[in-house]
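Chain and residue survey
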Amino acid sequence: DGLLDFSGFIFPEGNIDFYKAKFPDCKICFSDVDLSRASISFEEADFTGGDLTFGAVQFGSGNVVFLGAKFGQGDLVFVGTSFEECSLIFNSCTFGPGHIIIKKCSFGDSEILFENAVIDRLVTIENIHTPSLKNISFSGSSLNGSINLSNLRLNTVVDLTNTSLSHHLSLDNIKLNLQRKSYFLIFRKSMSGSDSRRFRRLKELAEISKDHDSSLELHAQEHRAARWHSFNTVDSILDTIYSAISNYGRSILRPLILLCFTWCSFGFMYFKLASFSNLEQVDLMALSGVSILSSLPFLTVSRDARSQFISSFLNDSQNIELFFIAIGFQGVISTLLL
């Protein structure tokens, strides 16, 4: 009937080995099987054609290995499957036309590996929210179909370095949390020096796919990962400040709040300088205006306001020196925030 059905089968404890097995040209179903006490290997197996389905399977501690296997036409599907303590390995495999689907699966301390493979089909990995998954890697593979990486929440970086990708890459609603550790108490350093290279490749592919939002996010993550690795100390510190102040130029609210804070802070400083001049009355509103205009040092009215402030409120040279130091400092900070 064109179906090789293992549905519901409880595999015994031990190693299940399909090494170099040649499967018939039919649908193969492993749905709802129990492999919790067994490990299974399809190394160098030949799947001539038809769909291969693993639905709602509970795998044990042994890796699920398809190393060097050949897939003809048909879909390869893993849906609702649990890989709590094992990795899914397709290194050096070849895939004919069809679709690879991995979705709504749970992973423990494990990996999904398609390294050095030739994949002539659509790949979909989606709806996986597994913080403990260590790696998803297509490194060194030739990808001749579209790649859909959607709705992923991972504490790892998908590795597409050294790949050949000829079709569209989708990164819709993907969140890749960069794993970092404390560095010199107040800084944070990426735990892997290769993370920046992985983010850079994803950014390049997002730009090719015209995914502007993903490209900006990946650019920011690339820089965070490069700190203290490929960046020197000064560059790393400046990059940290740039990230904190404006989220790499993507935030308007952060620098706006800081700009308002500098207006208030320097306005109060100018008020205190004017108060030291022993004037009976100090116009606080006027000094607030001076502070705001001082954040725009390139305007003529800003220079006029400073001159008026000096002639009206500052009577001794010491206050004038302090004022010029403050006004210069505010100008630098404000220019950067603007």
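These remarks concern the structure in this document. Being a predicted model, the structure only gives us computed values, none of them experimental.

1. Topic: the environment of G289
Looking at where G289 falls in the secondary structure, it is placed in helix α5 (residues 284-294). Take G289: its relative accessible area is 28%, and that puts it in the partly exposed class. Separated by 61 residues in the primary sequence, G289 and W228 place their C-alpha atoms 42 Å from one another.

2. Details of the packing of aromatic side chains
Applying the stated rule across the entire model yields 35 aromatic pairs. Ring centres of F54 and F59 lie 6.1 Å apart, and the angle between their planes is 40°; on these two criteria the pair is classed as tilted. On the basis of relative accessible area, F59 is assigned to the buried category, the value being 3%. An angle of 50° between the planes, with centres 6.2 Å apart, marks the rings of F95 and F114 as tilted.

3. A few points about the pattern of salt bridges
Here the structure, examined in full by the defined rule, presents eight salt bridges. A salt bridge links K203 to E222; the shortest N-O distance between them is 2.9 Å. Linking K203 in helix α1 (residues 195-208) with E222 in helix α2 (residues 212-226), this pair joins segments that are 19 residues apart in sequence. For R250, the salt bridge identified is with E217, shortest N-O distance 2.8 Å. One end of the pair, R250, is in the loop between α3 (233-246) and α4 (253-275); the other, E217, is in helix α2, with 33 residues separating them in the sequence. Assessed through its relative accessible area of 32%, R250 is described here as partly exposed.

Here is what the cut-offs are and how they apply
- Residues numbered from 1 in each chain as written.
- Predicted model: local features only at pLDDT ≥ 70, side-chain atom pairs only at ≥ 80, totals over all residues.
- Heavy atoms only, no water.
- Helix = DSSP H or I, 4+ residues; strand = E, 2+ residues; numbered from the N terminus.
- Buried < 20%, exposed > 50% of the residue type's maximum accessible area, 1.4 Å probe, protein only.
- Phe/Tyr/Trp six-rings, centres within 6.5 Å; stacked < 30°, edge-to-face > 60°.
- Salt bridge = Lys/Arg side-chain N within 4 Å of Asp/Glu carboxyl O.

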